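Summary of the model geometry
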Amino acid sequence: MSKNGDEGKVKHILTDPKLSLIKNMLEKDHAIDCMFLLHINRGKWKDAKDFMRNNELTLSDGTFRARMIEIEQLGLAKSVRIDPLKKYYVITEFGEKIANLLLGFFDEIDV
């Protein structure tokens, strides 16, 4: 038995074009990692790689780039060109809102 009104909320999230795209992106490999990296100003591959390695975590270059492209397409980050081949990513206000909600979610379940 579902809570009153939750079925409608779930349906909206699953069928709304914008919300379902964000949900799909967050389900992908290392998407939350990349949102957190953006939140702590590690949107450049070298900075992200160094942070992950320093914390004994893994993240491939290809995965980082793929997630950042998706995150940018959703308006959660924007890219800044370093040179014709390289760019880094900075979080947008909307991306910051998502990152803070994710941090709050993990705060709530960290018992």
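1. Overview of the side chain of E70
Summarising the element assignment, E70 is placed in helix α5 (residues 61-73). Accessibility expressed as a relative area gives 16% for E70, which makes it buried. Reaching out from E70, the side chain makes a polar contact with the side chain of K28 at a distance of 2.4 Å. In contact with E70, not counting residues within four places along its chain, are M25 and K28.

2. Topic: the pairing of strand β2 (residues 87-91)
When strand β1 (residues 77-81) meets β2, the two strands line up antiparallel, connected through five bridges. Pairing of V80 across the sheet is with Y88, part of β2. Hairpin geometry of β1 and β2 is characterised by an intervening segment of five residues between the two adjacent antiparallel strands.

Definitions and limits used
Numbering of residues starts from 1 in each chain and follows the order in which that chain's sequence is written. Confidence filtering applies because this is a predicted model: local features only for residues at pLDDT of at least 70, side-chain atom pairs given and counted only at 80 or more, and all residues used for totals across whole chains, interfaces and linings. Note that the side-chain values use all heavy atoms of the structure and ignore hydrogens as well as water. Each helix is a run of H or I in the DSSP string that is no shorter than four residues. Each strand is a run of E no shorter than two, and both are numbered from the N terminus. Buried, partly exposed and exposed residues are distinguished by accessible area as a fraction of the type maximum, computed with a 1.4 Å probe on protein chains only: under 20%, between the cut-offs, and over 50%, respectively. Throughout this description, a polar contact denotes any pair of N or O atoms lying within 3.5 Å of each other; where both atoms belong to protein, one of them has to be capable of donating a hydrogen while the other can accept it, and for residues adjacent in sequence the pair is counted only when both atoms sit in side chains. The contact rule is simple, with two residues in contact once any of their heavy atoms fall within 4.5 Å. By the convention used here, strands pair only if DSSP detects at least 2 bridges between them.

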